[in-house]
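If you want the building blocks of each chain, they are given just below.
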Amino acid sequence: MSCDHTKPVVGIIMGSESDMPAMEPCMKQLDEFGVPYEVKVASAHRKPLEVHAWAESAEERGMRVIIAAAGKAAHLGGVVAAYTPLPVIAVPMKTSDLGGLDSLLSMVQMPSGVPVACVAINGAKNAAVLAVQMLGTGCETARQKIKDFKAAMAE
């Protein structure tokens with residue numbers, strides 16, 4: 001895998017514009033790591049064809065990891081995972097009805113063969129860290145960014 005991260009290598013997709021504030025820590029953390037990303041807003045239920053096209057073309061656009069944020073039924077991560085060979089990290093959004101437990105359970109109960117990694121409810125920052133760790137499996141630069149990040153946390 002190329003370690004040239006001048007073009008977006010992380011795709012961030014969220015089901016609604018209302019998810020944007022909760023996902024800002026993800027984007028901020030990726031910015032701090034110097035990892036370029038693209039952002040898409042499209043609902044798995046309201047815009048399924050758009051989600052399909054975006055997910056299916058992610059690899060050819062240079063994405064290496066996808067972060068999908070959604071609430072309530074929270075099918076976005078699973079739908080994206082169905083259309084891409086790339087790893088997908090799901091971020092369950094906190095909801096007013098069940099506090100995000102509905103989103104979390106939907107994301108972790110994926111069928112066999114279609115895995116989705118999952119972080120905590122509103123765990124946007126951890127999604128960014130995990131994405132860079134995944135990038136680091138094939139890129140020493142990304143791996144070093146994680147080493148430095150963890151060292152700074154220990155200070």
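Residues numbered from 1 in each chain as written. Predicted model: local features only at pLDDT ≥ 70, side-chain atom pairs only at ≥ 80, totals over all residues. Heavy atoms only, no water.

**Quick word on the packing of helix α1 (residues 20-33) against helix α5 (residues 124-135)**
How two helices pack is summed up by the angle between their axes together with the distance between the axes. As a reminder, the rule being used: Orientation is described by axes fitted as lines to C-alpha atoms, over the contacting stretch for helices, and by angles from 0 to 180 degrees between their N-to-C directions. Under the scheme used here, helices are H or I runs from DSSP no shorter than 4 residues and strands are E runs no shorter than 2 residues, and both carry numbers assigned from the N terminus. By convention, the crossing between two helices is left-handed when the near helix turns anticlockwise from the far helix through less than a right angle, and right-handed when the turn is clockwise. The contact rule is simple, with two residues in contact once any of their heavy atoms fall within 4.5 Å.
At a minimum axis separation of 7 Å, α1 and α5 run at an interaxial angle of 35 degrees. As for how α1 packs across α5, the hand of that crossing is right-handed. For the pair formed by α1 and α5, the contact residues are A22, M23, P25, C26, Q29, L30 and F33 on the first element and A124, K125, A128, V129 and V132 on the second.

**Details of the sheet that holds strand β3 (residues 65-70)**
Keep this limit in mind: Only when DSSP finds a minimum of two bridges between them are two strands counted as paired.
Overall, parallel pairing links the five strands, which are arranged β2-β1-β3-β4-β5 in an open sheet. If you trace the sheet from one side to the other, it starts and ends with β2 (37-41) and β5 (117-118), each paired once. Across five bridges, the pairing between strand β1 (residues 10-14) and β3 is parallel. Across the sheet, the residue bridging to I13 is A68, located in β3. Those strands touched by α1 are β1, β2, β3 and β4 (88-92), and its axis lies near 175 degrees from that of β1. Helix-sheet contacts for helix α4 (residues 101-108) involve β3, β4 and β5, and the interaxial angle to β4 is about 160 degrees.

**With respect to the pairing of β3**
Selection criterion: Note on classification: 1.4 Å probe, protein chains only; a residue is buried when its accessible area is under 20% of the maximum for its type, exposed when over 50%, partly exposed between these limits. We call a crossover right-handed when, viewed with the strands running away from us, the connection from the first strand over the helix to the second turns clockwise.
With six of six residues buried, β3 is to be regarded as a mostly interior element. Of the two faces of β3, the one carrying V65, I67 and A69 and the one carrying I66, A68 and A70 are both buried. Pairing of β3 with β4, which is carried by five bridges, proceeds in the parallel orientation. The partner of A70 across the bridge, within β4, is P92. Between the parallel pair β3 and β4, the chain is carried across by helix α3 (residues 76-82), and the sense of this crossover is right-handed.

**Thoughts on the layout of surface pockets**
The following threshold applies: As defined here, a cavity is a set of points on a 1 Å grid over the protein atoms alone where a 1.4 Å probe fits but cannot get out. A pocket is an open set with protein on both sides within 12 Å along at least five of seven lines, and residues line them when an atom is within 4 Å of a point. Grid points are joined across faces, edges and corners, and a volume is the space filled by probe spheres set on the points. Residue type decides the class: Asp, Glu, Lys and Arg count as charged, Ala, Val, Leu, Ile, Met, Phe, Trp, Tyr, Cys and Pro as nonpolar, and the leftover types, Gly among them, as polar.
Its boundaries defined by the atoms lining it, the largest pocket holds a volume of some 300 Å³. Lining the largest pocket are 19 residues, with S16, D19, R46, A70 and G71 positioned closest to its centre. Residues belonging to the lining of the largest pocket are distributed by class as follows: six nonpolar, nine polar and four charged.

**A short note on α5**
Basically, it comes down to this: Multiply 1.5 Å by the residue count of a helix minus one, and that product is the helix's expected span.
Taking 1.5 Å of rise per residue, the 12 residues of α5 would be expected to cover 16 Å, and the 17 Å separating its terminal C-alpha atoms lies within 8% of that figure. Within the sequence span of α5, burial applies to A124, A127, A128, V129, A131, V132 and L135.

**Overview of the pattern of salt bridges**
The condition that has to hold: Each salt bridge in this description consists of a side-chain nitrogen of Lys or Arg and a carboxyl oxygen of Asp or Glu lying within 4 Å of one another.
Applying the stated rule across the entire model yields six salt bridges. As a salt-bridge pair, K40 and E50 come within 2.6 Å of each other at their nearest N and O atoms. You can see K40 sitting in strand β2 and its partner E50 sitting in helix α2 (residues 48-57), a full 10 residues away along the chain. Accessibility expressed as a relative area gives 21% for K40, which makes it partly exposed. You can call E50 partly exposed: its relative accessible area is 31%.

Shape is all these values report; function is a separate question.
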